[in-house]
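In case you want the letters, here they are:
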Amino acid sequence: VLDEVDWLLHPLKSELNWPLGDKHALDFAPTRWELPWWMLHALLLLQEEAKPESQRASWLASGRSSAGLSGRNSAPASKSVSSTSAEAERECLLRLKSACEQGIAGNYMQRVPHLALLSEEWYHATLKPLMGSWLLIWLRRTGLHDISDDAAIRCLAGGGVEGSMANSATLSDKQAKMLNLGHDWLTYLLPHVLRKISRVHFGLLSVPEMIAMQRDGALPRSRRYMAVPFVGKDTPTASSEFAHPDVAIGISILAYRYEGLRKPDFGALIQNLRHMLEAEIGPELKRPTSLLWMEWIEAAGRRVRGTKTLQRREAAKSGAAAEELSGTESPSRQRASGYEPETPRSAAVGIIRDPMPPPPP
């Protein structure tokens, strides 16, 4: 006998599911997890900025707050479009910061132990429109075109493509899926995920817990790598999993961002990067996986050995591009063309030093 069926069979609240058949890959990958990563990153960024400077994460202190969030398959943007997008990103983050501060002051959100939602009514009235604008920035970077900003916001805030657009034939299948997925996250999934508390309602299995469960034969891959439901503080369930795939993705993103990588996760990540690097072609330091690794190391405040010359060349290229945009020439080009500018005596005896910082000890 099942009582309270409306609660037990709710797709976001119930764990009473028995999946049957073969497992299949999720549709619309990798956008299926890149989109919630971008949305949750805004709130995590505001949470880090609220901490004292000595306690902030290294990726925030290095100025790479949005590194790797546009997706590896996103279309490249011009310099003018990138600068416009960066300005819109900063403006949207400022509005989100003001809204979160008001929410905390009004007891609609809590700051301890991390940002969590307390009122869904306040979310839909205040935070949802701002998160829609934040999501639109990412959608534009990943190929959402042929639709105005107002129409896109109506799709995200309304009933998706079918419910908000009279003529959806102008959108491609990928664009329609992005808008529908964004609508689901803004309306249902994001407020549900934000109400959960890390290590109370969800979390990652620790290494001793994984060893004990593997010894008992109850450790599937989904529970090993994804966040699992908790029944209490630091008490994971024995065998339950989050049934909704998008909820599992969002909860797992928060779990890894709050708890960090476990040692087995880091080893598997390095092996995966190595396999990806070997499958790519071109100079090793210019391969996409190598550049991604450099971004990670620089975000941690370090530098990869052997990349000093490469960074000099990239800086020279960016300087030449800036000269072309500004219409000026560098002193070296001016000397090559026969023009020698007047040099002050104090600058003539100076020593040009390497702008790169010394390698770490």
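Residues numbered from 1 in each chain as written. Predicted model: local features only at pLDDT ≥ 70, side-chain atom pairs only at ≥ 80, totals over all residues. Heavy atoms only, no water.

**Student:** Just checking my understanding: could you explain unusual backbone geometry for this structure?
**Tutor:** Trans peptide bonds make up the majority, and among non-glycine residues the majority have a negative phi. A cis amide bond links Ala29 to the next residue, Pro30, at an omega of 0 degrees. Residues Val112 and Pro113 are joined by a peptide bond in cis, for which omega reads 0 degrees. Backbone geometry at Phe28 places phi at a positive 65 degrees, although glycine is not the residue there. Position of Phe28 among the secondary structure elements: in the loop between α1 (5-8) and α2 (31-49). With a phi close to 60 degrees, Asp146 is a non-glycine residue in the positive phi region. Looking at the element boundaries, Asp146 is found in the loop between α5 (120-141) and α6 (149-157). Relative accessible area serves as the criterion here: at 61%, Asp146 is assigned to the exposed category. (Helix = DSSP H or I, 4+ residues; strand = E, 2+ residues; numbered from the N terminus. Buried < 20%, exposed > 50% of the residue type's maximum accessible area, 1.4 Å probe, protein only.)

**Student:** Quick question: what am I supposed to make of the packing of aromatic side chains here?
**Tutor:** Between two aromatic rings, the relevant description is the distance of the centres plus the angle of the planes. With the rule as written, the count across this model stands at two aromatic pairs. Ring centres of Trp38 and Trp134 lie 4.3 Å apart, and the angle between their planes is 10 degrees; this geometry places the pair in the stacked category. Here Trp134 lies in helix α5 and Trp38 lies in helix α2, a separation of 96 residues in the sequence. Since its relative accessible area comes to 0%, Trp134 is described here as buried. (Phe/Tyr/Trp six-rings, centres within 6.5 Å; stacked < 30°, edge-to-face > 60°.)

**Student:** What should I look at first to understand the environment of Arg305 in this one?
**Tutor:** Along the chain, Arg305 falls in the loop between α13 (288-299) and α14 (308-326). Taking the relative accessible area as the measure of exposure, Arg305 reaches 71% and is therefore exposed. Separated by 11 residues in sequence, Arg305 and Met294 place their C-alpha atoms 9.7 Å apart.

**Student:** Looking at this model, I keep getting lost on the pairing of strand β4 (residues 228-232). Mind explaining?
**Tutor:** Consecutive side chains along a regular strand alternate between the two faces of the sheet. Burial of β4 is extensive: four of the five residues sit out of reach of the surface. Sheet topology places strand β3 (residues 202-203) next to β4; two bridges connect them, and they run antiparallel. Looking across to β4, one finds that Phe202 is bridged to Pro229. Summarising the sheet, β4 and strand β5 (residues 235-236) pair through two bridges and their orientation is antiparallel. Bridging from a neighbouring strand, Phe230 pairs with Pro236 of β5. Between the antiparallel neighbours β4 and β5 lie two residues, among them Asp234 with a positive phi of about 55 degrees. (Pairing = 2+ DSSP bridges.)

**Student:** In this structure, what is going on with the confidence of the model for the protein chain? I would like to understand it.
**Tutor:** In low-pLDDT regions, the fine details of the predicted coordinates are not to be read closely. For the protein chain, per-residue confidence averages 80 on the pLDDT scale, and residues scoring 70 or more make up 72% of the total. Summarising per-element confidence for the protein chain, the mean pLDDT is lowest in helix α16 (residues 345-348) (35) and highest in β3 (97). Low confidence marks residues 67-80, where pLDDT is under 50. Its contacts with residues over four positions away, or in another chain, come to 23 contacts. Segment residues 339-361 is flagged for pLDDT under 50; beyond a separation of four residues in sequence, or across chains, it makes 12 contacts in the model. (pLDDT = per-residue confidence, 0-100. Contact = heavy atoms within 4.5 Å.)

**Student:** Explain the side chain of Thr307 to me, please; I cannot follow it from the model alone.
**Tutor:** Its place among the elements puts Thr307 in the loop between α13 and α14. Its relative accessible area of 0% is what places Thr307 among the buried residues. In this structure the side chain of Thr307 is engaged in a polar contact, spanning 2.6 Å, whose partner is the backbone oxygen of Val304. With near-sequence residues (within four places) excluded, Thr307 lies in contact with Leu285 and Met294. (Polar contact = N/O pair within 3.5 Å; in protein donor to acceptor, adjacent residues only side chain to side chain.)

**Student:** Can you help me understand the sheet that holds β3 in this one?
**Tutor:** Whether parallel or antiparallel, the strands of a sheet pair through hydrogen bonds between backbone atoms. The strand order across the open sheet formed by three strands is β3-β4-β5, and the pairing between neighbours is antiparallel. Of all strands in the sheet, those with a lone pairing partner are β3 and β5, marking the two edges.

**Student:** What exactly am I supposed to notice about the pattern of salt bridges here?
**Tutor:** A side chain with one charge may pair with a side chain of the opposite charge, provided their charged atoms come close. What the rule picks out here adds up to 11 salt bridges. Asp234 is paired through a salt bridge with Lys233; the nearest N and O atoms lie 2.8 Å apart. For Asp234, a relative accessible area of 39% corresponds to the partly exposed category. For Lys233, a relative accessible area of 54% translates into the label exposed. Close ionic contact of Glu278 with Arg274 constitutes a salt bridge, the shortest N to O distance being 3.3 Å. Residue Glu278 and its partner Arg274 are both found in helix α12 (residues 263-279); the two are separated by four residues, about one turn of the helix. For Glu278, a relative accessible area of 52% corresponds to the exposed category. Taken together, the salt bridges that share partners define one network made up of Arg199, Lys233, Asp234 and Glu259. (Salt bridge = Lys/Arg side-chain N within 4 Å of Asp/Glu carboxyl O.)

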